[in-house]
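# Structural description and commentary
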Amino acid sequence: MTDWFHKQRYLIDFSLAALGRRKVRNLGLLAAYSLLVFVLASVMLFTQGLRQEAKRVLAESPEVILQRLVAGRQDLIPPGYLEQIGRIRGVQKMEARLWGYYYDPVVKANYTFMVPGERQIPSGQLVVGPALARERGLVAGNLISFRSYSGRLFTFQVAEVLPQASELMSADLVLLGAEDFRAFFDFPAGHYTDITLSVANPNEVRNVAAKLAAALPDSRPILREEVQRTYASLFDWREGMVLTVLAGALLAFAILAWDKASGLSAEERREIGILKAIGWETGDVLRMKFWEGVLISLSAFLIGYLAAWVHVFHLDGALFRPVLQGWAVLYPHFRLTPQVDGLQLATLFFFTVFPYTAAVLVPIWRAAITDPDAVMRT
Amino acid sequence: MIEIADLHKAFNQGQHNEYWAIQGVSLSLARGQVTAFMGPSGSGKTTLLSLIGCLARPTSGRIRLDGEDISGLPERFLTELRRRHFGFVFQQFNLIKGLSARDNVMLPAYPLGLPHRQLTERADALLAQFRLGHRADARVEWLSGGEQQRVAIARALINDPPILVADEPTANLDTALSREFLAILGELSGAGRTVLLTSHDPLVLDSPQVERRVALRDGRVVEA
């Protein structure tokens with residue numbers, strides 16, 4: 001066993017020396033290889049981070065959202081719905097919500113106006129999201145005017161700017177009191193935008209949704225898991241789109257790597273001949289080249305992955321952010337929580353390290369099985 | 001004792017460019033002797049040395065090393081045999097550029113997995129024996145022709161093989177360095193090693209260190 005370790009150490013030493021002797025070629029290959037891993041890992045880490053972030057945020061969202069449909073479009077919830085829902089068994093808590101969208105022509109952005117359920121905002125005051133505050137240059141105490149869809153001008157005082165930590169969800173948010181909301185949007189009394197429901201037993205969510213649909217045939221219950229799934233597929237789709245765009249570059253690299261890895265220079269062939277002539281077995285040569293391939297591909301993997309980590313979690317994924325995050329006027333400023341998906345890491349490792357190592361070995365094997373007497377004639 | 005019986009070696013057999021490099025060579029070579037194979041280019045000297053040194057397999061015929069038939073052994077056993085019994089000094093020295101003299105000397109012993117210190121000590125002792133101790137860390141391409149050849153000899157001896165095979169060892173050396181090589185040859189022979197070499201250099205062939213001369217022509221022995 002000790003001999004085996006000594007032998008592997010010698011082979012690794014020799015591989016390192018061999019890499020050092022072909023510095024330019026190997027450094028070039030390492031750079032291109034690391035870049036490939038960096039690009040792939042950046043896309044994967046960023047979308048994974050977004051997916052997780054969305055999952056985390058949505059975990060706190062209501063289990064069921066009930067909307068009313070008229071001609072297939074969302075409409076206001078009329079009075080009486082809450083009473084009907086209250087009679088359905090399994091519903092633990094329900095809340096009628098008031099929210100809507102407002103287009104601000106000043107910054108050409110859409111805001112979400114919402115009446116918070118858990119706090120009271122005095123009349124004539126607003127609480128605004130951090131991106132909106134940034135865009136309009138607002139701080140607490142400032143006055144801001146909005147012209148409603150009916151043409152009337154409303155002036156509010158900014159009571160508070162929401163904290164940066166909540167920016168992913170609150171970037172474009174405007175919180176206001178129920179009376180102000182109804183007045184601003186000419187919202188009819190007793191009507192609501194939608195209803196959120198909590199279900200006592202999580203296994204009963206689908207049953208409750210079915211009962212809701214039966215009791216209120218013009219309504220559409222939306223389950224939290226459906227929203228989560230929609231977000232996940234949205235980010236999957238964006239990830240797939242970026243990877244498709246990058247496919248050409250990936251293919252170009254694959255050809256380059258294959259060419260570099262599979263083409264043996266005359267010098268390398270000569271060296272293999274010498275090693276065999278002086279007593280190395282074909283297996284020894286293959287092991288040595290295997291270590292060489294592993295050293296290059298593993299280094300490239302580590303460099304590329306660490307660079308991607310820094311890029312995504314410390315530099316906010318600057319290169320891919322606009323594509324993967326989606327378009328908006330009010331971009332939220334947020335930091336993704338660093339995390340690694342083991343399966344994703346293993347997939348990336350398998351598809352980058354494994355093919356290169358294999359590509360290295362095939363031509364070496366071909367060269368290494370030839371008779372070593374050729375070295376006597378050179 | 002190395003016994004060769006009716007040895008044949010063909011290249012590109014069965015093709016339009018088939019060529020028989022060795023045609024029915026039979027010889028007995030005693031252990032501990034310096035034997036020189038001589039003859040013009042294309043006479044089959046190098047091919048015969050490759051076959052004896054297990055670098056290639058004969059097309060037909062037998063080679064016996066101390067009574068054991070080695071001509072039909074599979075590749076793996078041939079490699080093992082080559083490592084244990086033969087040390088090679090090639091015409092172009094065939095050292096690996098970019099590595100130090102010491103690393104080159106140690107190379108044939110890597111597959112054995114000896115402890116590093118033991119191997120380094122052995123390599124340094126051999127380099128010192130050939131007056132290269134001070135050049136152990138120098139890259140081989142920085143060494144002179146004579147120094148490179150001495151590194152090649154040290155490399156050939158690292159696994160302590162009983163037989164040294166040298167192909168045209170003085171072809172790239174001037175007279176002074178050739179004489180130096182012959183002196184080393186004398187030392188090795190004196191230490192009980194068998195030396196097989198090819199040459200058409202009169203300085204080598206006429207030297208007293210060479211105890212037996214085998215003349216080849218067209219793949220056949222013409223004088224033994």
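Overview of the structure. For clarity, every value in this text was computed on a predicted model and none was experimentally measured.

A tally of regular secondary structure across chain A gives 12 helices and 11 strands. Within chain A, the proportion of its 378 residues that are buried is 31%. Long-range pairs, those at least 24 residues apart, make up 83% of the contacts in chain A between residues at least 6 apart in sequence.

Here we come to the sheet that holds strand β5 (residues 109-114) of chain A. All names here are of chain A. Strand order in the open sheet formed by six strands is β4-β5-β9-β6-β8-β7, and the pairing between neighbours is mixed. Strand pairing shows two members of the sheet lacking a second neighbour, β4 (99-104) and β7 (143-147), which therefore form its edges. If you compare each strand with its neighbour and ignore which way they point, the axes differ by 35° on average. Here strand β6 (residues 125-128) runs beside strand β9 (residues 173-176); their pairing, made up of three bridges, is antiparallel.

All names here are of chain A. Packing of helix α2 (residues 23-59) against helix α12 (residues 342-368) leaves a shortest axis separation of 11 Å and a crossing angle of 160°. Between α2 and α12, the angle is such that the two are roughly antiparallel. Seen from above, α2 lies across α12 with right-handed handedness. Residues L36, V37, L40, A41, M44 and Q48 of α2 touch α12, and the partners they reach there are Q344, L348 and T352. Classifying every residue of the contact of α2 with α12 gives six nonpolar, three polar and no charged.

Now for the interface of chain A and chain B. Across the boundary between the two partners, chain A contributes 25 residues, which contact 28 residues of chain B. Contributing elements (two or more residues each) for the side of chain A that touches chain B: α1 (2-21), α9 (266-277) and α10 (282-313) of chain A. Broken down by element, the residue count for the side of chain A that touches chain B peaks at nine residues, all from α1 of chain A. Here the side of chain A that touches chain B is built from residues that sort into 12 nonpolar, four polar and nine charged.

Residues and elements named next belong to chain B. Of the pairings in the sheet, the one linking strand β9 (residues 212-217) to strand β10 (residues 220-223) comprises three bridges and is antiparallel in character. By the bridge assignment, L216 is partnered in β10 with V221. Adjacent in sequence and paired antiparallel, β9 and β10 are bridged by two residues, among which D218 carries a positive phi angle near 55°.

Analysis parameters
- Each chain has its residues counted from 1, running along the sequence as written.
- By the order in which they are written, chains take letters starting at A while ligands take numbers starting at 1.
- Note on the predicted model: pLDDT of at least 70 is required for a residue's local features to be given, and 80 or more for side-chain atom pairs to be given and counted; whole-chain, interface and lining totals, by contrast, use all residues.
- Strands are runs of DSSP state E lasting at least two residues, helices are runs of H or I lasting at least four, and both sets are numbered from the N terminus onward.
- Around each residue's C-beta, the other C-beta atoms within 10 Å are counted; 20 or more make the residue buried, 12 or fewer make it exposed, and counts in between make it partly exposed. All C-beta atoms are placed from the backbone.
- The contact criterion used is a C-beta to C-beta distance within 7 Å, with each C-beta placed from the backbone.
- Only strands that DSSP links by at least two bridges are regarded as paired with each other.
- Lines fitted to the C-alpha atoms define the axes, with helices restricted to the stretch that makes contact. Angles between their N-to-C directions range from 0 to 180 degrees.
- Throughout, the term roughly parallel applies to angles under 35 degrees, roughly antiparallel to angles over 145, roughly perpendicular to angles from 65 to 115, and oblique to all others.
- By definition, turning the near helix anticlockwise from the far helix through less than a right angle yields a left-handed crossing, and turning it clockwise yields a right-handed one.
- Amino acids outside the nonpolar list (Ala, Val, Leu, Ile, Met, Phe, Trp, Tyr, Cys, Pro) and the charged list (Asp, Glu, Lys, Arg) are all regarded as polar, and Gly is one of them.

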